[in-house]
Structure formats: C-alpha cells, structure tokens
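Below, each chain spelled out in residue letters.
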Amino acid sequence: MKKVGIITAKGGSGKSTLARHLAVAADQADFSTVILDTDPQGTLRDWGEARNKEPHVITEYGTNPDRIEQAFKRIEAAGADLLIVDTQGHSSPIPTNVAKLCDLVLVPMRPTPDDFRAIKGTVSMLQDRRVPHFVVLSQCPTNTPRPKAEAYSLLKKASIPAWMGAIHMKGIIPSSGISGETVMELEGLTDAEAKSADEFRSLFTWMRRELDMKALNPAIA
Ligand SMILES: Nc1ncnc2c1ncn2[C@@H]1O[C@H](COP(=O)(O)OP(=O)(O)OP(=O)(O)O)[C@@H](O)[C@H]1O
Ligand SMILES: [Mg+2]
C-alpha cells in the first residue's frame, strides 16, 4: 500500500480538497483507495458521510503516534492499494506523525508570497525527516498567470520541489463537495469546469508515476 500525506500548517490551502479529489481519481483508475481523516475539524468525515460510497473515509483524531500507525496498519491489512491522509492546518503533532509513515507528502500552497513563507516550516520538517515531498500550487487565479509564475520562481530559488502543473480556482470545486462528490464526477460541466477535472486527474497520473504504482486501468496510463 502506498501512503500519501497532504500536509501544510497553513489553513485553507486546499488540503482536504486535494485529498478527496486525488482519492476519487485513484478510485476511478481502479485502485482500492482509503482516505484517513486526521483533522478533528472532520471536513472529509462529513464529506464521506454525504458520499456514502468509495473511496471510504476512516477517521483517527488521536495525537498519539501509535494510534495513527495502527490505523495505517489496519487499512493496509484490509487490502487498500493507496491511502491518502488529510491533516489539520495548524500546529499539532499529527502532521509530523503522519509524515513519518508516508511514501510521499504533497504540500498544497496558494500562489502568494505569504503562503510561500508559511509552508517553509512544513517543508523543513519533511526535509529533516527525509520524507519525499512536492508542493502543489492550489487555488491559482484563472485571470492572470503572474502569481503562478512568481510562486514557481520562489520555489525554484529555494530548491523546494514542486509539481509543475497547478490547480486553479473554480467555484465548481466547493460546489461538488456538497453532495459528497468531486468535480470529476459531475455531469454537464462547462469546458472551463471540465479543465478542473483534468487538472486533478493529471496530478493523480503524475503522483501514480512518482509512487511507481502500476496502471490498473489502461485508459489512464
Ligand atoms: N481550487 C479551488 N477552487 C475554488 N475553491 C477551492 C479550491 N480549493 C479549495 N477551495 C475552497 O477553499 C476552502 C479551503 O479549502 P480546503 O478546505 O480544501 O483547505 P484545507 O487546507 O483543508 O483547510 P483547513 O486548513 O481548514 O483544513 C474551501 O472552502 C474549499 O472548498
Ligand atoms: Mg482541511
């Protein structure tokens, strides 16, 4: 089982959104996928209750590292191919406990200098623990490429690895969560909205290759 953590101490960066879209992309590609919600705010627990179908959401809000490790082991023993772990957005031992157990950590970041400064603590925690990690630009404005270009440049100068795509800001993304879905499952999308679905799928395809997960569904190879 591959384990992916979604971690950044900066609140509202898009962790839960990224976690559920990646999990659904994996499910659509026939990987048996589980989400572990470790954020007591329960964003994905509530989304999972509205959804009531795969990928299922398991919760573990304990701060004891053993409990998180046991949750990972239970999920692996149940036969999952992929575990995606959502974490909370403020200082807490949980994200570090999660990171230690992961094969890969994605760090969502809005493309602003303030957000860039805010991810540095998370990135150095991941570097210190030698956990492979990439920043994923999230909530990028669609009316100007400038913030995205500036963010890539700041990340490059700081030698922080980043996914070279981006997730843009679209109203359909929060709307899709109301019914426990993701943008990749909605019918009747406009062309602009369909691009959001493509962005998440392309992030998943890249992540699958990083993790060396064999394609189960040739359509997404
Ligand atoms: N690409 C996007 N386009 C539009 N809205 C978005 C996008 N990504 C996230 N959002 C919205 O921004 C808000 C914050 O996103 P999300 O809850 O995923 O962040 P988070 O990092 O999990 O926050 P927290 O730190 O509180 O857990 C939510 O209302 C979400 O619907
Ligand atoms: Mg969240």
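Calculation rules
- Along each chain, residues carry numbers from 1 onward, in the same order as the chain's sequence is written.
- A letter from A marks each chain and a number from 1 marks each ligand, given out in the order of writing.
- Per-residue local features of the predicted model are confined to residues with pLDDT of at least 70, and side-chain atom pairs are confined, for both listing and counting, to 80 or more; whole-chain, interface and lining totals are unaffected and use all residues.
- Any residue whose C-beta atom, as placed from the backbone, lies within 6 Å of a molecule or strand is termed near it.
- Working definition: helices are DSSP H or I runs of at least four residues, strands are E runs of at least two. Numbering for both runs from the N terminus.
- One bridge is not enough; two strands pair if DSSP finds at least two bridges between them.
- Interaxial angles span 0 to 180 degrees and are taken between N-to-C directions of axes, which are lines fitted to C-alpha atoms, for helices over the stretch in contact.
- With C-beta atoms placed from the backbone, a residue counts as buried when 20 or more other C-beta atoms lie within 10 Å of its own, as exposed when 12 or fewer do, and as partly exposed for counts between those limits.
- Here the contact rule is simple: place C-beta atoms from the backbone, and any two residues whose C-beta atoms are within 7 Å are in contact.

### With respect to the site of ligand 1
Part 1 of the reasoning: Contacts to ligand 1 come from 18 residues, most closely from K15, S16, T17, G89 and P174.
Part 2 of the reasoning: Contributions of two or more residues to the shell around ligand 1 are made by α1 (15–28) and α7 (172–177).
Part 3 of the reasoning: Top element by residues in the shell around ligand 1 is α1. It accounts for three residues.

### Focus: the sheet that holds strand β4 (residues 82–86)
Part 1 of the reasoning: If you trace the six strands from one edge of the open sheet to the other, you get β3-β2-β4-β1-β5-β6, paired in parallel fashion. With partners counted over all chains shown, the strands left at the sheet margins are β3 (56–59) and β6 (133–137), one partner each. The mean angle between the axes of side-by-side strands here comes to 25°, regardless of whether they run parallel or antiparallel.
Part 2 of the reasoning: Across five bridges, the pairing between strand β5 (residues 104–109) and β6 is parallel. The partner of V107 across the bridge, within β6, is V135.

### Remarks on the pairing of strand β1 (residues 2–6)
Part 1 of the reasoning: Most of β1 is tucked away: five of the five residues are buried.
Part 2 of the reasoning: Burial along β1 is two-sided: K2, V4 and I6 facing one way and K3 and G5 facing the other are all buried.
Part 3 of the reasoning: Sheet topology note: the β1/β4 ladder contains five bridges and is parallel. Of the residues in β4, the one forming a bridge with I6 is D86.
Part 4 of the reasoning: Pairing geometry for β1 and β5, over three bridges, is parallel. What sits directly across from I6, in β5, is L106.

### Some thoughts on the pairing of strand β2 (residues 33–37)
Part 1 of the reasoning: Burial analysis of β2 places five of its five residues in the buried class, the great majority of the element.
Part 2 of the reasoning: Both faces of β2 are covered, namely the face carrying T33, I35 and D37 and the face carrying V34 and L36.
Part 3 of the reasoning: Of the pairings in the sheet, the one linking β2 to β4 comprises five bridges and is parallel in character. For T33, the partnering residue across the bridge sits in β4 and is L82.
Part 4 of the reasoning: As paired elements, β2 and β3 share four bridges and run parallel to each other.

### Details of the environment of V85
Part 1 of the reasoning: Mapped onto the secondary structure, V85 falls in strand β4.
Part 2 of the reasoning: Taking C-alpha positions, V85 is 14 Å from T63, a pair spaced 22 residues apart along the chain.
Part 3 of the reasoning: Apart from residues lying up to four places away in sequence, V85 is in contact with K3, V4, G5, I6, L36, T38, V98 and C102.

### Observations regarding the environment of V107
Part 1 of the reasoning: If you trace the backbone, V107 turns up in strand β5.
Part 2 of the reasoning: Since 26 C-beta atoms lie within 10 Å of it, V107 is described here as buried.
Part 3 of the reasoning: Here the alpha-carbon distance between V107 and W163, two residues 56 residues apart in the chain, equals 9.9 Å.

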